[in-house]
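Structural characterization, general
Here's the letter readout for the chains.
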Amino acid sequence: MSSSPLAAPLDVEPRPGSPALLSVDSPGDAASWAAEHRESLRAQVTEHGALLVRGLGLRDADRAGAVFAKLAGVLMTEREAFAPREPLGPGLYSSTDWPANQPMCMHHELSYALEVPGLMLFACLAAPGEGGATAVADAEEVLGALPAGLTDRFEREGWLLTRSYNDEIGASLAESFGTEDRGEIERYCRSHAIDFHWQPDGSLRTEQRRSAVVRHPLTGRRCWFNQIAFLNEWTLAPEVREYLVDEYGADGLPFNTRYGDGAPIGEDVVRLLNETYAKHTRREPWQDGDLLLVDNIRTAHSREPFTGERRVVVGMAEPQRLADGCPTPEASER
């Protein structure tokens, strides 16, 4: 899968406020083109954090999946999903089932898992009428822009993700764990540092403690790497949060985040996180057939509200077990 020594150099355009862009003349065989330029494309993702490739004409899932496979090899099977996706092939998924009028704020995919994707691949089969960009933000820049006192605390303690599974909101047990068998779910939780409790009604509640700041495995640079803001109750629209609290109680929300010591995170902190992300956001409206490659550890991504049909398929690849991905209580006390 190495690049051909005869492959022409890629003419990538860095753009303030937008992801780096590579425009190509539509190749007859997009998968072969991807295989030929794989190493150069990956180098550009490492340099820029995200790369938008325009002109490949990825307008159906099979074509997109073939390109993903040439660029990344075997794609990951998603586990611990927070919302449903439609599987479209081995490791190929629809975008997350999330209301079109609600944003998905900046986050790093599966940053609460022990094994995280190093590379995210997105292909736009059909662009929305308005909005719907998959925007990106540099995690190193975001870390540097946040108050040191706040990031120091999160770096010491990590962050907690709490989940309460139900049949109405978020991913089901089968969608998240790949099974409904209690024994299998318990074995998964034990092997992935997840505390779990079965409730009297048979539902499952879990809690997992993860790092908020990690070192990039290739560059060694410190990155703000988490889903603290995205999965926190204060990021929800007020009417949605009110409904969920009334329905499930403040301690039974489908998902929520806390400081690593279990203390609640205030609305002001969540607002600050989202405002900081907003100041560092780079976006480009989707066009039919676009490919977006994202370094998932260096670069956060979001999904903005949209109107009309939006068909984006997703692949996750290059699984990483970060050495500093799961803090221990002993480490936070030092």
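Residues numbered from 1 in each chain as written. Predicted model: local features only at pLDDT ≥ 70, side-chain atom pairs only at ≥ 80, totals over all residues. Heavy atoms only, no water.

Brief notes about the overall build of the protein
Looking only at helices and strands, the protein has ten helices and 20 strands in total. Taking 20 Å as the expected radius of gyration for a compact globule of 334 residues, we find that the protein reaches 20 Å, a close match to that expectation. In terms of overall dimensions, the protein has C-alpha extents of about 60 × 40 × 35 Å along its principal axes. The burial tally for the protein puts 54% of its 334 residues in the buried class. Considering only contacts within the protein whose residues lie at least 6 apart along the sequence, 80% involve residues at least 24 apart. Total accessible area on the protein stands at roughly 14800 Å², and carbon and sulfur atoms take up 48% of it. Distance from the positive charge centre (33 side chains) to the negative charge centre (52 side chains) of the protein: 4 Å. (Helix = DSSP H or I, 4+ residues; strand = E, 2+ residues; numbered from the N terminus. Rg over C-alpha atoms; globule rule 2.2 N^0.38 Å. Buried < 20%, exposed > 50% of the residue type's maximum accessible area, 1.4 Å probe, protein only. Contact = heavy atoms within 4.5 Å. Areas by Shrake-Rupley, 256 points an atom, 1.4 Å probe, with all protein chains shown as cover. Lys, Arg positive; Asp, Glu negative; His and termini not counted. Charge placed at Lys NZ, Arg CZ, Asp CG, Glu CD.)

Focus: the state of the cysteines
The full count for this structure, using the stated rule, is zero disulfides. Its sulfur unpaired, Cys-223 is 18 Å from the next cysteine sulfur, which belongs to Cys-105. Of the residues examined, Cys-223 reaches a relative accessible area of 2% and is grouped as buried. (Disulfide = S-S within 2.5 Å.)

With respect to the pattern of salt bridges
All chains considered together, the criterion is met by 17 salt bridges. A salt bridge links Arg-271 to Glu-267; the shortest N-O distance between them is 3.6 Å. With Arg-271 and Glu-267 both in helix 9 (residues 267–279) and four residues apart, the pair spans about one turn of that helix. On the basis of relative accessible area, Arg-271 is assigned to the partly exposed category, the value being 42%. In this structure, Glu-304 engages Arg-283 in a salt bridge whose closest nitrogen and oxygen atoms are separated by 2.7 Å. Placement of Glu-304 in the loop between strand 18 (299–303) and strand 19 (306–307) and of Arg-283 in the loop between strand 16 (281–282) and strand 17 (289–295) is noted, with a sequence separation of 21 residues between them. Among the residues examined, Glu-304 registers a relative accessible area of 18% and is labelled buried. Connected via shared salt-bridge partners are Arg-15, Arg-54, Glu-284 and Asp-290. (Salt bridge = Lys/Arg side-chain N within 4 Å of Asp/Glu carboxyl O.)

Looking at the environment of Arg-258
With respect to the helices and strands, the residue Arg-258 is situated in strand 15 (residues 255–259). For Arg-258 and Met-106, which are 152 residues apart along the polypeptide, the C-alpha to C-alpha distance reads 17 Å. Filtering out sequence-adjacent residues up to four positions away, Arg-258 remains in contact with Phe-154, Trp-159, Leu-160, Asp-251, Ala-263, Pro-264 and Ile-265. Looking at Arg-258, its side chain comes within polar contact range of the main-chain oxygen of Gly-262, at 2.9 Å. (Polar contact = N/O pair within 3.5 Å; in protein donor to acceptor, adjacent residues only side chain to side chain.)

Description of the pairing of strand 3 (residues 50–58)
Within strand 3, seven of the nine residues are buried, which leaves the element mostly enclosed by the surrounding structure. Pairing of strand 2 (residues 18–23) with strand 3, which is carried by four bridges, proceeds in the parallel orientation. Looking at strand 3, one finds that Leu-21 is bridged to Leu-52. One ladder, built from five bridges, connects strand 3 with strand 17; its direction is antiparallel. Across the sheet, residue Ala-50 finds its bridge partner in strand 17, namely Val-294. (Pairing = 2+ DSSP bridges.)

A short note on the pairing of strand 15
With four of five residues buried, strand 15 is to be regarded as a mostly interior element. Relative to strand 15, strand 10 (residues 159–164) is paired through five bridges, and the arrangement is antiparallel. Each residue of the ladder has a partner; that of Thr-162, found in strand 15, is Asn-256.

Thoughts on the confidence of the model for the protein
Averaged over every residue, the pLDDT of the protein is 93; the share at 70 or more is 95%. Note that residues 1–6 has pLDDT below 50 and, in this model, 16 contacts with residues that lie over four places away or in other chains. Here residues 329–334 scores under 50 on pLDDT; set against residues more than four positions off or in separate chains, the count is four contacts. (pLDDT = per-residue confidence, 0-100.)

A few points about the layout of surface pockets
As a volume, the largest pocket reaches approximately 390 Å³. Taken together, 20 residues line the largest pocket, and the ones lying closest to its centre are Trp-98, Pro-99, Ile-169, Leu-236 and Val-240. Per-element accounting of the lining of the largest pocket gives the leading share, three residues, to helix 8 (residues 238–248). Across the lining of the largest pocket, the residue classes tally to 14 nonpolar, four polar and two charged. In this model, the second largest pocket occupies a volume close to 230 Å³. What lines the second largest pocket is a set of 13 residues, and nearest its centre among them are Thr-162, Arg-205, Thr-206, Glu-207 and Asp-251. Elements with a minimum of two residues in the lining of the second largest pocket: strand 10, strand 12 (204–210) and strand 15. (1 Å grid on protein atoms, 1.4 Å probe; cavity = no way out; pocket = protein on both sides within 12 Å on 5 of 7 lines; lining within 4 Å. Points joined across faces, edges and corners; volume = space filled by probe spheres on them. Nonpolar A, V, L, I, M, F, W, Y, C, P; charged D, E, K, R; others polar.)

Remarks on the sheet that holds strand 9 (residues 136–138)
A sheet is described by the order of its strands in space; here four strands give the open sequence 6-18-9-16, paired in antiparallel fashion. Strands at the two margins of the open sheet, each flanked by one partner only, are strand 6 (104–107) and strand 16. Bridge count for strand 6 against strand 18 is two bridges, and the pairing is antiparallel. Each bridged residue has a counterpart across the sheet, and for Met-104 the counterpart in strand 18 is Arg-303.

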